[in-house]
Amino acid sequence: MNMRSVTRSRPGRLIATVVLSVTAASTLVVTNAASAAATLTVAQALAAQDGRAATVTGWVIGQPTATNTVLTSAYTGDTAIAIADQAGETSTARMLYVQVTAGWRSGFGLLTNPSLRGRQVTATGALTAYFSHGGLKDPTAMSLGGTTPSPSPTPSGTTSPSAYYAAATGKTGPALRTALHTIIRVQTKLSYDQVWEALKDTDQDPANPANVVLLYSGRSQSKTANGGGVDDWNREHVWAKSHGDFGTATGPGTDVHHLRPEDVSVNSARGNKDFDTGGSAVAQAPGCYTDADSFEPRDAVKGDVARMILYMAIRYEGDDGWPDLEPNDSVANGSAPRLGRLTKLLAWHEQDPPDAFEQRRNQRIYERWQGNRNPFVDHPEWARAIWG
């Protein structure tokens, strides 16, 4: 038996419409009111998972048999399929588990229709946890889709669709903050191991797809040179994980919106220091400075750092079991869930506006990894609307 086992993402809930490809000779299409809605990607469906009705399109990867196991051959039943945004996907964290109920099994079960694997599908049903994994249950419509794998999503490098921020439009101050928190807290949560693969995608060097760009160093380095050795790159928590003591557990400790690749020794030099200007030059990180209680990033990423901190403050408000994170104007925060210096971060945010690299990164996280966005990359003006 050939099975592929990969790490799963945290399960969620949603209702969706799925259109499925089964065989070239047959097409089964059932429509209802839900199918008229905009079709979701698998990433969007995994991020929503809240019981709503929707339509989802994806590529059939195999038969899910457990939370983190998907069979890609030697199928054992017709009761479920796993779909993804990419035909060659290997991580269950980016797969949606679709229940195939009795009425659909003759056309969409993999035991009966093994040629379904690799075909595009679209379906309508209930996106809710299945095999303790993000899923779609009780489908009400299933039909065949395309026959050629789609290319990887092409990040727009621009602001997100206005619909994503519709609930925040026109608001300011506390009302804006509350609206943005409600929007961005809906996300797919990654394991700490999955962060390695996410960073290889989100921080890819535009000039060399085999490399990532290190945040503070600015160095382009092989994606495979990651780990804990000298001159390897590892995972830098821009909001230092000791500020709130959340560690690397799934949640703020694995949120890719503030995790970046960085040289091991430079990461160590930053440690858990707050952000401010001044100090001595940091070896292997031109333009960076540090002293006993603060760290200053290079000019090209000062705004990036600020926007990651502001994102964390809005995303983690203390209402989901994690600390209430908040920037302040101190550089002596210790283990408190605070990080400074806010006045400096707001200045950096304005001096170094979002560039194409940061915009692509935001889009990539939204499309492929977490299904949520950093609002201060999309709408820089909202920083002052909240913090003055």
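Residues numbered from 1 in each chain as written. Predicted model: local features only at pLDDT ≥ 70, side-chain atom pairs only at ≥ 80, totals over all residues. Heavy atoms only, no water.

Quick word on the sheet that holds strand 15 (residues 274–275)
Reading across from one edge, 15-18-17-16 is the order of the four strands in this open sheet, with mixed pairing throughout. Every other strand in the sheet has two partners, leaving strand 15 and strand 16 (280–281) as the edge strands with one partner each. (Pairing = 2+ DSSP bridges. Helix = DSSP H or I, 4+ residues; strand = E, 2+ residues; numbered from the N terminus.)

With respect to helix 3 (residues 173–184)
Along an α-helix, residues three or four positions apart point the same way, because every turn accommodates 3.6 residues. If you check helix 3, its first and last C-alpha atoms are 17 Å apart, about what 12 residues at 1.5 Å a residue would give, namely 16 Å. By the burial criterion, the buried members of helix 3 are Gly173, Leu176, Arg177, Ala179, Leu180, His181, Ile183 and Ile184. Considering only its buried residues, helix 3 is in contact with helix 6 (302–315), strand 19 (326–327), helix 9 (375–378) and helix 10 (382–387). (Expected span 1.5 Å × (residues − 1). Buried < 20%, exposed > 50% of the residue type's maximum accessible area, 1.4 Å probe, protein only. Contact = heavy atoms within 4.5 Å.)

Considerations on helix 8 (residues 356–369)
Relative to the 20 Å expected for 14 residues at 1.5 Å per residue, helix 8 spans 19 Å between its end C-alpha atoms, a close match to the ideal helical length. In terms of burial, helix 8 is a largely internal element, 11 of the 14 residues being buried. Where helix 8 is concerned, the buried positions are Phe357, Glu358, Arg361, Asn362, Gln363, Arg364, Ile365, Tyr366, Glu367, Arg368 and Trp369. Put simply, Asp355 is the residue that caps the front of helix 8, since its side-chain oxygen is 3.3 Å from the backbone nitrogen of Phe357. Immediately beyond the C-terminal end of helix 8, within one or two residues, lies Gly371, with a positive phi of roughly 75°. (Polar contact = N/O pair within 3.5 Å; in protein donor to acceptor, adjacent residues only side chain to side chain.)

Description of the confidence of the model for the protein chain
Across the protein chain, pLDDT averages 86, with 86% of residues at or above 70. Every residue in residues 1–37 is under pLDDT 50, and counting partners more than four places away or in other chains gives 166 contacts. Counting contacts from residues 146–160, a segment whose pLDDT is below 50, to residues more than four positions away or on other chains yields 33 contacts. (pLDDT = per-residue confidence, 0-100.)

Things to note about the packing of aromatic side chains
To describe a pair of aromatic rings, one takes the distance between the centres and the angle between the planes. Evaluation of the coordinates by the stated rule reveals nine aromatic pairs. On the basis of an interplanar angle of 55° and a centroid distance of 4.7 Å, the ring pair of Tyr130 and Phe131 is categorised as tilted. Classification of Phe131 as partly exposed rests on a relative accessible area of 28%. One aromatic cluster is present, built from ring pairs that chain together Tyr164, Tyr165, Tyr366 and Trp382. Arg315 extends its terminal NZ or CZ atom over the ring of Tyr316, reaching a point 4.4 Å from the ring centre. Directly above the aromatic system of Tyr366 lies the positively charged group of Arg373, at a separation of 4.9 Å from the ring centroid. (Phe/Tyr/Trp six-rings, centres within 6.5 Å; stacked < 30°, edge-to-face > 60°. Lys NZ or Arg CZ within 6 Å of the ring centre and 35° of its normal.)

Examining the pattern of salt bridges
By the definition in use, this model includes 20 salt bridges. One salt bridge connects Lys200 with Glu197, and the closest N-O pair in it is separated by 3.3 Å. Highlighted residues: Lys200 and Glu197, both in helix 4 (residues 192–202), separated by three residues, approximately one helical turn. Among the residues examined, Lys200 registers a relative accessible area of 17% and is labelled buried. Across the salt bridge formed by Glu296 and Lys302, the nearest N and O atoms sit 3.0 Å from each other. (Salt bridge = Lys/Arg side-chain N within 4 Å of Asp/Glu carboxyl O.)

Quick word on the environment of Leu127
Relative to the helices and strands, Leu127 resides in the loop between strand 8 (120–126) and strand 9 (135–144). Using a relative accessible area of 0% as the deciding quantity, one classes Leu127 as buried. In sequence terms Leu127 and Ala53 are 74 residues apart; their C-alpha atoms lie 7.4 Å from each other.

As for unusual backbone geometry
The peptide bond linking Gly340 to Arg341 adopts the cis configuration, its omega dihedral lying at 5°. Here Arg341 is to be found in the loop between strand 20 (338–339) and helix 7 (342–351). Although it is not a glycine, Phe131 sits at a positive phi angle of roughly 55°. Notably, Asp138 is not glycine yet its phi reads approximately 50°, a positive angle. In this fold, Asp138 is placed in strand 9.

Concerning the sheet that holds strand 10 (residues 204–205)
A sheet is described by the order of its strands in space; here three strands give the open sequence 10-11-12, paired in antiparallel fashion. The strands lining the two open edges of the sheet, one partner per strand, are strand 10 and strand 12 (220–222). Here two bridges tie strand 10 to strand 11 (residues 208–213), and the two strands are oriented antiparallel to one another. Residue pairing in the sheet places Gln204 in a bridge with Val212 of strand 11.

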